[in-house]
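# Understanding the architecture of this molecule
One-letter residues, chain by chain:
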Amino acid sequence: QVQLVESGGGLVQAGESLRLSCAASGSTFSINAFGWYRQAPGKQRELVAAISTFGSTNYADSVKDRFSITGDNARNMVYLQMNSLKVEDTAVYYCTAGSVTGRSWKFDYWGQGTQVAVSS
């Protein structure tokens, strides 16, 4: 099992930045990919960004030029730097862990989520 704990959410104004952190523990040797998903009220959960332990990344088109996902393999940490935040980025953000093979990403473990609220 892998445990994931997110931190760093909060309330900011549009145009500001936030950095989310995710600490992984447990059987992390079984993991080679991490990601961030988000779910806004009334909407489906969607992938925001993902990163493999060898550095490949994947971003949603809506955040590609504003968000950056990075990982620290030695510390089992994953970060999501969010710049130029928009009201529509408001959501609960979930850290997730799993595996990637080629272009196929599969996430098996989920954190509890952290709220990000962006006001206009």
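Now for a description of the structure that goes with this document. (Residues numbered from 1 in each chain as written. Predicted model: local features only at pLDDT ≥ 70, side-chain atom pairs only at ≥ 80, totals over all residues. Heavy atoms only, no water.)

### A closer look at the overall build of the protein chain
The number of helices and strands found in the protein chain is zero helices and eleven strands. Expected size for 120 residues packed as a compact globule is a radius of gyration near 14 Å; at 13 Å, the protein chain falls within 12% of this value. Summarising its shape, the C-alpha atoms of the protein chain cover approximately 40 × 25 × 25 Å along the three principal directions. When burial is assessed residue by residue, the protein chain has 41% of its 120 residues classed as buried. Sequence-distant contacts, at least 24 apart, represent 56% of the contacts inside the protein chain between residues at least 6 apart. Carbon together with sulfur atoms contributes 46% to the accessible area of the protein chain, which is approximately 6,400 Å² in total. Counting 10 positive and 9 negative side-chain charges, the protein chain places the centres of these two groups 3 Å from one another. (Helix = DSSP H or I, 4+ residues; strand = E, 2+ residues; numbered from the N terminus. Rg over C-alpha atoms; globule rule 2.2 N^0.38 Å. Buried < 20%, exposed > 50% of the residue type's maximum accessible area, 1.4 Å probe, protein only. Contact = heavy atoms within 4.5 Å. Areas by Shrake-Rupley, 256 points an atom, 1.4 Å probe, with all protein chains shown as cover. Lys, Arg positive; Asp, Glu negative; His and termini not counted. Charge placed at Lys NZ, Arg CZ, Asp CG, Glu CD.)

### Quick notes on the state of the cysteines
Counted by the stated rule, this structure contains one disulfide. A disulfide bridge connects Cys-22 with Cys-95, and the sulfur atoms are separated by 2.0 Å. Handedness of the Cys-22-Cys-95 disulfide follows from its S-S torsion of about -80°: it is left-handed. Residue Cys-22 is located in strand E3 (residues 18-26), and its partner Cys-95 is located in strand E9 (residues 91-101); the two are separated by 73 residues in the primary sequence. (Disulfide = S-S within 2.5 Å.)

### Structural notes on the nonpolar core
If you look at the biggest cluster of nonpolar residues, it comprises 29 residues, and the most contacted ones within it are Trp-36, Leu-80, Met-82 and Tyr-93. Secondary-structure elements contributing two or more residues to this core are strand E1 (2-7), E3, strand E4 (33-39), strand E5 (46-52), strand E7 (67-72), strand E8 (77-82), E9 and strand E11 (114-119). Once you skip the residues sitting within four places of it in the chain, Met-82 turns out to touch Glu-16, Ser-17, Leu-18, Leu-20, Arg-66, Phe-67, Tyr-93 and Val-116. (Core = buried A, V, L, I, M, F, W, Y, C linked by side-chain atoms within 4.5 Å.)

### Here we look at the environment of Gly-26
Looking at the secondary structure, you find Gly-26 in strand E3. A C-alpha to C-alpha distance of 15 Å links Gly-26 and Cys-95, two positions 69 residues apart in sequence. Sequence-distant contacts of Gly-26, defined by excluding residues within four places in its chain, comprise Gln-1 and Gln-3.

### Observations regarding the sheet that holds E8
What the four strands build is an open sheet, ordered E1-E3-E8-E7; its pairing is antiparallel. Unpaired on one side and paired on the other, E1 and E7 mark the two borders of the sheet. Taking the axes of each pair of neighbouring strands and ignoring which way they run, one obtains an average angle of 15° across the sheet. Two elements, E7 and E8, share six bridges in a ladder whose sense is antiparallel. Bridged to Thr-70 within E8 is Tyr-79. (Pairing = 2+ DSSP bridges. Axes fitted to C-alpha atoms, helices over the stretch in contact; angles between N-to-C directions.)

### A short note on the packing of aromatic side chains
This structure, assessed with the given rule, holds three aromatic pairs. Seen in terms of ring centroids, Tyr-37 and Trp-110 are 5.0 Å apart; in terms of plane orientation they differ by 65°. Their pairing is edge-to-face. One end of the pair, Tyr-37, is in strand E4; the other, Trp-110, is in strand E10 (residues 104-110), and 73 residues separate them in sequence. Tyr-37 sits in the buried class, given a relative accessible area of 18%. (Phe/Tyr/Trp six-rings, centres within 6.5 Å; stacked < 30°, edge-to-face > 60°.)

### What to know about the side chain of Asp-89
Within the secondary structure layout, Asp-89 lies in the loop between E8 and E9. Under the relative-accessibility criterion, Asp-89 is labelled buried at 0%. When near neighbours in sequence (up to four residues on either side) are disregarded, Asp-89 contacts Arg-38, Arg-66, Phe-67, Ser-84, Val-116 and Val-118.

### Notes on the pattern of salt bridges
Inspection of every chain in the model, using the stated rule, returns six salt bridges. Through salt bridges that share partners, Arg-38, Glu-46, Arg-66 and Asp-89 make up one connected network. (Salt bridge = Lys/Arg side-chain N within 4 Å of Asp/Glu carboxyl O.)

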